[in-house]
Each structure stands twice: as C-alpha cells, then as structure tokens.
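As a plain string of letters, each chain reads:
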Amino acid sequence: GRSDYVQILDSPSLDVSVERAITVEAWIKIHSYPSGVGHLVAKWGPGSDYDDEWTLQLERGGRACWAVNSSTANWSPDAVLYSKSNLPLNQWIHLAGVWNGRNAFAAIYIDGKMESSTSSAVRTIAHTGQAIRLGWDGVGGYFDGVIDEVQISNRALTSGEFNLITKPSSESPP
C-alpha cells in the first residue's frame, strides 16, 4: 500500500557483526516509482541520525539499490550497488542484497541473476540497535507497491541458491 509498513525491533539475532554476512531478500511488485527513495527492507535510523546499517531500496526512476555502512558517524555507505536498469512496474520481482565481510564482497541480485558486485566492500557493518523497517523510510516516504516473502539470512547466499528460490510456479511469489 501507499502508507503501510512493518517495523521489527532490534534483536541480537539481527546483529550482522556477529556472523559477518547477511542476505536480505524479498519479492516486490512496484505500483509506482518513488519521487525520492522507496525503502523496501532496511535497518537504519530515521531522518539524519546516521544510525544506518544496510538498506535494500528502490531509487527515484526505478533502479534497485543495496547499500551497507560501516560507521554511524555519517551515512556515506561503504558499498553501494545498483541494478543495471529500472525495475518493471506491476510485475513480481525477486530482489536480494548480499554482503560477506569475510572477503569484503557485496552484490545485488534481480530474479536470481547478479546485477552488480564489488570485492572491495567493508569488512564490518555498523551495529546501531535500530529497527528494521519494511516499506517506509522512517520520516514519511512509503514504498508504493507490495513487499512479500522477506527473508534475512545470517550468511551470504550464492547465485545457485537464488536460482532455486526464483523459479516461481505461479503468478504470485513462491
């Protein structure tokens, strides 16, 4: 919806610094592109508090973005990856962001295919104690669409694992 969101309070099980890897994934259906940023799934502080860890979001115009941050001193993400093109409207899309601090690797996947990656990402992600928010930026910007089947894993999934996940058997997400 246009003003719906989910907030998940912080928990020790969501502390990325312990496992040093994370995969954030979701099925999304975009109704309209945001005029600013449309946060899909993110662990960040509201406004300009700079309490940001990671975000999987939709940029103005429809490009997907995965960003991770190693410092709470400012929001200048250490790894920012974008999809190659705008995501289509009104279609189910599987979107995933992966980070592995052991080898400083980060990647963004669209429908199981790696769109962009870097091997010079940070080796640690800031731990802020902030909530995870689905569909809302914390200050008034909502994602206009549907977010389904959100999964957060404490390891970096591989392309082969996404290929298994992203083979839907019907029109709706698996």
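Residues numbered from 1 in each chain as written. Predicted model: local features only at pLDDT ≥ 70, side-chain atom pairs only at ≥ 80, totals over all residues. Heavy atoms only, no water.

A. Up close: the packing of aromatic side chains. The final tally for this structure, using the stated rule, is one aromatic pair. Aromatic pair W54 and W66: ring centres 6.1 Å apart, planes at 40°, arrangement tilted. Highlighted residues: W54 in strand 4 (residues 54–59) and W66 in strand 5 (residues 64–68), separated in sequence by 12 residues. Each member of the pair, W54 as well as W66, is classed as buried. (Phe/Tyr/Trp six-rings, centres within 6.5 Å; stacked < 30°, edge-to-face > 60°. Helix = DSSP H or I, 4+ residues; strand = E, 2+ residues; numbered from the N terminus. Buried < 20%, exposed > 50% of the residue type's maximum accessible area, 1.4 Å probe, protein only.)

B. The pattern of salt bridges, seen in detail. The tally for this structure, following the rule as stated, stands at three salt bridges. In this structure, the salt-bridge partner of R155 is E161, at a minimum N-O distance of 2.5 Å. For R155, a relative accessible area of 41% corresponds to the partly exposed category. Each of D10, K43 and E53 takes part in salt bridges that share partners, so that together they form one network. (Salt bridge = Lys/Arg side-chain N within 4 Å of Asp/Glu carboxyl O.)

C. Local environment of the sheet that holds strand 11 (residues 145–153). Spatially, the five strands line up as an open sheet ordered 9-8-7-2-11, and their pairing is antiparallel. Of all strands in the sheet, those with a lone pairing partner are strand 9 (113–118) and strand 11, marking the two edges. Within this sheet the neighbouring strands show an average axis-to-axis angle of 15°, counted without direction. Judged from the seven bridges that link them, strand 2 (residues 21–30) and strand 11 form a sheet pairing that is antiparallel. The residue of strand 11 that forms the bridge with T23 is S153. (Pairing = 2+ DSSP bridges. Axes fitted to C-alpha atoms, helices over the stretch in contact; angles between N-to-C directions.)

D. Molecular detail of the pairing of strand 3 (residues 37–43). Of all seven residues that make up strand 3, six are buried, and the element is covered over most of its length. One ladder, built from six bridges, connects strand 3 with strand 4; its direction is antiparallel. Looking at the pairing, H39 lines up with Q57 of strand 4. In this sheet, strand 10 (residues 132–134) lies alongside strand 3 in antiparallel orientation, the contact comprising three bridges. From the neighbouring strand, V41 faces strand 10, where its bridge partner is L134.

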